[in-house]
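Examination of the molecular architecture
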Amino acid sequence: MKRKKKRLSTLVRVLLCSWCVLGLVLAFFVIDWAMNLQGPEELAGSGSVDTLAKVTGEADPTRPVTPTEVPEATAPAATTVPMPKAEFVTEYAHMGEAVERYGYMDKVTYGLRYPHREDAAEESEADRIVQELLSEKLAEFSKDAGELGILLIDYEDGETTGLYSVLFYVEWEIDGVKETETRLWLYNKKKGETVDGTELFADRAYTYVAQQVNRLLAEEATSGTSEEGIDNKTLVQKSEGPFSGTREEFAEYVLTADGAKFYYETDGKRQSIVIPYIALHTYMAVTENGTVVADSIRELDPDKPMIALTFDDGPNDKQTPRLLEILEKNNARATFFVLGDRVLWGPANKNTLKMVYESGNEVASHTYSHKKLKELSVEGITEEIVKARDAVYSVIGEYPTLIRPPYGGYNDLVKEYSYAPLITWNLDSEDWKSRDAQKVVDQVLKEARDGNIVLMHDIHWFTVDAAEVLIPALMERGYQIVTVQELFHYKNVELENGRVYHSSYN
Ligand code: ZN
C-alpha cells in the first residue's frame, strides 16, 4: 500500500510538473501575442503598449537593399494561425535619432522607423507624414492580405541649410510575395512647410543628371579596354547612354549637404550619384537654402510689354540706394549684377547688397573681380565664379543664379564652367560712353522693345539720374520694368546653364 501510494504521488508530481511547464509556455505565447496587438491610432499616443525605441543612426549607407527575411513564426497557443514578426534587416543612413515602433493591425504586423527632429514643427509634420503613410499602407495591405502580412517602413535622410529630405522605404510581404516602394518627403525648414518632391527640380535637372550618369557608366565601361587602343574620351563623348533624363528614372533622391543624391538602376543594381547644388541651382523651385524662387516673381500682365533694366559693377553705397528708392517709387524692379570683391569691400557695400536683396530686386553675379573670363583657364574661371557666389551668399544667404560675364565675353569653357545661364544684353544704354544722363535716357527710349535686356551701371551718378527719368518714361509707353527672372518667366523661357541670353527672344 505504502509503495503504491508512493508510486501514485510520483505520477501526480510528474503530471503536475508538465502542466506547469505547458502553462508557462502558453502564458508566454499569449503575452507575446498580446504585445503585438495595437492599431496605428496608438502610434503617437502616450502610454500605448507598442514597442518604442530610439536608434542612433550610424548605419552603413552602402549596404544594399535586401528583402525582409521571414522570421520564425511565433504562434499564439490559442490559435493555429502563425504570427510573423516584423524585423528590420536593412540598415539605412539615419542622420540623427530614429524612433522605432512595432505593432499589429488587421492581419498585418508592422515595424516602423521614422526620424526624430529637434524642431517641434518639423517633428510634428514628420509624425503626420509617417502616420499617413502607415495608415495608407495598412489599409491597402489588410485588404489584400489573405493570410498575414509584414510591413516595414524605414528611411534614409539628409539635409541642406534650408531643406530636410526623407526617403521612406516601404517593404512588405503578403502571402510570400515581397515588394518595395519608396516615398519622398521634403520639408522647407526656412518656411516651415512641406515641399512637393516631384516639383523641386525642373526637367532640365533630370537631363543633367542623366548626362552625368551616362558619362559615368561610359567611363566605367571603357576603363578596362584602353589597352586595346580605344580612345576613352571619344567614346565617352559619343556615348548616348541608357538614361534619357525622365523624372521616373531619378524619382528617388535625398538632399545631402554635398549635393542631391539621385538613385538609379542599372543592370538590376541600385546605384547613386551625388550632384552638387551649383549645377542644379538654376533648375530648383526651392533652393537648397529654402528660398522659394516663385516668391520673387511678381504678378504682372503677361500681355503687356516688359523690359529688364540691369545694373552692373556694384554694389555702390552711394548710388545703389538712390536707385533702389527710384525703383520702389515706380513699383519697378531691376537686376543687379554685382562684383564679388565689391560686395566684400566693407560694411557699407555689404549693407547695400542686403538692401538690394530685401527690396525684392534681383541679385546676380558679375563674377568676383571683373576679369576677362575668355583669357582664363578652367581653374581661373571657376575661381571667379565660385568666389563671387560665396561673397553674395555670405551677405544675403542665397546664391546668385544668373551670371553676366564681364565685357559680355565668353567662350565654350566659360559656358561649361559657369554652371549658370549667361545673361548679356541687347540694348546698351552706353552710359559708360556718354556719361550723360539725358543721352542715356534718349538712347534707351529710342531702342526700347518688348523683351529687351538693358545694360546700365549703378556705380555712376548720371546713370541713376537717368533712371529717375527713364523708368517713368518707359512705363508711360506701357512697359513693365522687371527683373531678368521675371522677364524669362513671363516669356516662358526656361533658362539653361551654359547658354547665352541677350534678350527674352534672343
Ligand atoms: Zn562690368
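Considerations on the overall build of the protein chain
In terms of helices and strands, the protein chain carries 13 helices and 18 strands. When the 506 residues of the protein chain are sorted by exposure, 48% land in the buried category. At a minimum sequence separation of 6, the contacts of the protein chain that also span at least 24 residues come to 69%. Carbon and sulfur atoms make up 52% of the accessible area of the protein chain, which amounts to about 25,200 Å² in all.

A look at the coordination of the zinc ion
Bound to the zinc ion are the protein donor atoms Asp313 (OD), His366 (NE2) and His370 (NE2), situated 2.1 to 2.2 Å from the metal. Counting residues between consecutive donors of the zinc ion along the chain gives the motif D-x52-H-x3-H. A relative accessible area of 2% means that His366 is categorised as buried.

Observations concerning the sheet that holds strand β10 (residues 269-275)
Ordered in space as β8-β9-β10, the three strands form an open sheet in which the pairing is antiparallel. Looking at the sheet topology across the chains shown, the edges are occupied by β8 (253-255) and β10. Looking at each pair of strands side by side, their axes are set apart by 25° on average, direction ignored. Of the strand pairs in this sheet, β8 and strand β9 (residues 260-266) are connected by three bridges, and their pairing is antiparallel. Directly across from Leu255, in β9, lies its bridge partner Ala260. This element, helix α3 (residues 203-222), spans β8, β9 and β10 of the sheet and lies at about 115° to β10.

Description of the packing of aromatic side chains
Under the counting rule described, the total for this entry stands at 18 aromatic pairs. Ring geometry for Phe201 versus Tyr253: centroids 5.2 Å apart, planes at 75°, classification edge-to-face. Taken as a pair, Phe201 in the loop between β7 (193-195) and α3 and Tyr253 in strand β8 lie far apart in primary sequence, 52 residues in all. A centroid spacing of 5.4 Å and a plane angle of 55° characterise the contact between Phe201 and Phe262, whose relative ring orientation is tilted. You can see Phe201 sitting in the loop between β7 and α3 and its partner Phe262 sitting in strand β9, a full 61 residues away along the chain. Overall, Phe262 belongs to the buried group, its relative accessible area being 0%. The rings of Phe201, Tyr206, Phe243, Phe250, Tyr253, Phe262 and Tyr264 are connected pair by pair, giving a single aromatic cluster. Directly above the aromatic system of Phe88 lies the positively charged group of Arg113, at a separation of 4.1 Å from the ring centroid. The lysine or arginine in question, Lys372, covers the ring of Tyr407, its NZ or CZ lying 5.6 Å from the ring centre.

So, the pairing of β9
In terms of burial, β9 is largely enclosed, as six of its seven residues are buried. In this antiparallel pair of consecutive strands, β8 and β9, the connection spans four residues. Pairing analysis gives seven bridges linking β9 to β10, with the strands arranged antiparallel. Bridge assignment links Ala260 to a residue of β10, and that residue is Ile275. Linking β9 to β10, which pair antiparallel, is a turn of two residues; within it Asp267 sits at a positive phi near 50°.

Section: the pattern of salt bridges
Within this structure, the stated rule accounts for 30 salt bridges. Measuring nitrogen to oxygen at the nearest pair gives 3.5 Å for the salt bridge that ties Glu91 to Arg113. Highlighted residues: Glu91 in the loop between β1 (52-56) and β2 (97-105) and Arg113 in strand β3 (residues 108-115), separated in sequence by 22 residues. For Glu91, a relative accessible area of 25% gives the class partly exposed. Here Glu140 and Lys137 are joined by a salt bridge, their closest N and O atoms 3.3 Å apart. Of this pair, Glu140 and Lys137 are both found in helix α2 (residues 120-144), three residues apart, which corresponds to roughly one turn of the helix. Classification of Glu140 as partly exposed rests on a relative accessible area of 28%.

Re the packing of helix α7 (residues 347-358) against helix α8 (residues 378-396)
At a minimum axis separation of 9 Å, α7 and α8 run at an interaxial angle of 80°. Classified by the angle their axes make, α7 and α8 are roughly perpendicular. Only Val392, Val395 and Ile396 of α8 make contact with α7, whose side of the interface consists of Lys350, Leu353, Lys354 and Tyr357. Taken together, the residues of the contact of α7 with α8 sort by class into five nonpolar, no polar and two charged.

Let's talk about the layout of surface pockets
Its volume calculated, the largest pocket comes out at about 1,100 Å³. Together, 44 residues line the largest pocket, and Val293, Ala294, Ser296, Ile297 and Gln485 are the ones closest to its centre. Among the secondary structure elements, those contributing two or more residues to the lining of the largest pocket are β13 (362-365), α8 and α13 (484-490). The class makeup of the residues in the lining of the largest pocket is 21 nonpolar, 14 polar and nine charged.

Observations regarding empty space enclosed by the protein
Scanning the entire structure with this criterion turns up two cavities of 30 Å³ or more. Counted as a void, the largest cavity has a volume near 80 Å³. For the largest cavity, the lining is made up of 13 residues, of which Arg389, Pro400, Thr401, Tyr419 and Ala420 are closest to its centre. For the lining of the largest cavity, the class distribution of residues is seven nonpolar, five polar and one charged. Forming the walls of the second largest cavity are Phe88, Val89, Thr90, Tyr92, Leu152, Ile153, Asp154, Tyr169 and Glu171. Where the lining of the second largest cavity is concerned, the elements lending two or more residues are β4 (149-159) and β5 (163-174). For the lining of the second largest cavity, the element with the highest residue contribution is β4, accounting for three residues. Along the lines of polarity and charge, the residues of the lining of the second largest cavity split into six nonpolar, one polar and two charged.

What to know about the packing of helix α11 (residues 437-447) against helix α12 (residues 461-476)
Pairs of packed helices are described in terms of their axes, by the angle between the two and the distance that separates them. Contact geometry for α11 and α12: axes closest at 8 Å, N-to-C directions at 40°. In terms of crossing hand, the pair formed by α11 and α12 is right-handed. Between α11, through Ala437, Val440, Val441, Val444 and Leu445, and α12, the contact on the second element is made entirely by Phe462, Asp465, Ala466, Val469, Leu470, Ala473 and Leu474.

What counts, and at which threshold
Residues numbered from 1 in each chain as written. Predicted model: local features only at pLDDT ≥ 70, side-chain atom pairs only at ≥ 80, totals over all residues. Heavy atoms only, no water. Helix = DSSP H or I, 4+ residues; strand = E, 2+ residues; numbered from the N terminus. Buried < 20%, exposed > 50% of the residue type's maximum accessible area, 1.4 Å probe, protein only. Contact = heavy atoms within 4.5 Å. Areas by Shrake-Rupley, 256 points an atom, 1.4 Å probe, with all protein chains shown as cover. Donors = N, O, S within 2.8 Å, 3.2 Å for Na, K, Ca; no water. Pairing = 2+ DSSP bridges. Axes fitted to C-alpha atoms, helices over the stretch in contact; angles between N-to-C directions. Phe/Tyr/Trp six-rings, centres within 6.5 Å; stacked < 30°, edge-to-face > 60°. Lys NZ or Arg CZ within 6 Å of the ring centre and 35° of its normal. Salt bridge = Lys/Arg side-chain N within 4 Å of Asp/Glu carboxyl O. Parallel < 35°, antiparallel > 145°, perpendicular 65-115°, else oblique. Nonpolar A, V, L, I, M, F, W, Y, C, P; charged D, E, K, R; others polar. 1 Å grid on protein atoms, 1.4 Å probe; cavity = no way out; pocket = protein on both sides within 12 Å on 5 of 7 lines; lining within 4 Å. Points joined across faces, edges and corners; volume = space filled by probe spheres on them. Left-handed = near helix turned anticlockwise from the far one by under 90°.

That's the geometry; what it means functionally is another story.
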